[in-house]
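Below are the chains, spelled out letter by letter.
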Amino acid sequence: QVQLVESGGGLVQAGGSLRLSCADSGRTFSSYTMGWFRQAPGKDREFVAAITRSGGSTYYADSVKGRFTISRDNAKNTVYLQMNSLKPEDTAVYYCAASPRPLTYNGRYSSALPTSYDYWGQGTQVTVSS
């Protein structure tokens, strides 16, 4: 069973940084591709980043490429999202998610699609002030 708990959200000024964490209390964390998504009020859930089971490859949305970094520590059952150069448009609730499928860049099971993930955390609020 996968149980995901996010932490690290908060209020930050534009240009600042935050690091989000997502911990899994289960025993199969390393078996899952992990992703981060975000959802702003009135908008659809949006892909942010994903990482392979081993952590060897990553995948980013164009809107965060070069500013955000996804990483994982399988020994700690935790995935991270380092967010730098934050902008007001990054304001959203951020969710981590776990997928049993390998990292996929396109197609029906793309890791950018929320439907590719079976487990979700409860979300953590990130607010970037201008």
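Refer to the structure presented above.
If you're wondering where the values come from, they're calculated on a predicted model, not measured in any experiment. (Residues numbered from 1 in each chain as written. Predicted model: local features only at pLDDT ≥ 70, side-chain atom pairs only at ≥ 80, totals over all residues. Heavy atoms only, no water.)

Enquirer: For this particular structure, what's the right way to read the environment of Ser 54?
Expert: Within the secondary structure, Ser 54 is located in the loop between strand S5 (46-51) and strand S6 (58-60). Note: C-alpha distance between Ser 54 and Tyr 80 (26 residues apart in sequence) is 14 Å. Looking at Ser 54, its side chain comes within polar contact range of the main-chain nitrogen of Gly 56, at 3.2 Å. (Helix = DSSP H or I, 4+ residues; strand = E, 2+ residues; numbered from the N terminus. Polar contact = N/O pair within 3.5 Å; in protein donor to acceptor, adjacent residues only side chain to side chain.)

Enquirer: Explanation requested: the environment of Leu 18 in the structure shown.
Expert: Turning to its location among the elements, Leu 18 is positioned in strand S3 (residues 18-24). Of the residues examined, Leu 18 reaches a relative accessible area of 16% and is grouped as buried. Between the C-alpha atom of Leu 18 and that of Leu 86, which follows or precedes it by 68 residues, the distance is 8.3 Å. Look past the residues within four positions of Leu 18 in its chain and what remains in contact with it is Gly 8, Gly 10, Val 12, Leu 81, Gln 82, Met 83, Leu 86 and Val 126. (Buried < 20%, exposed > 50% of the residue type's maximum accessible area, 1.4 Å probe, protein only. Contact = heavy atoms within 4.5 Å.)

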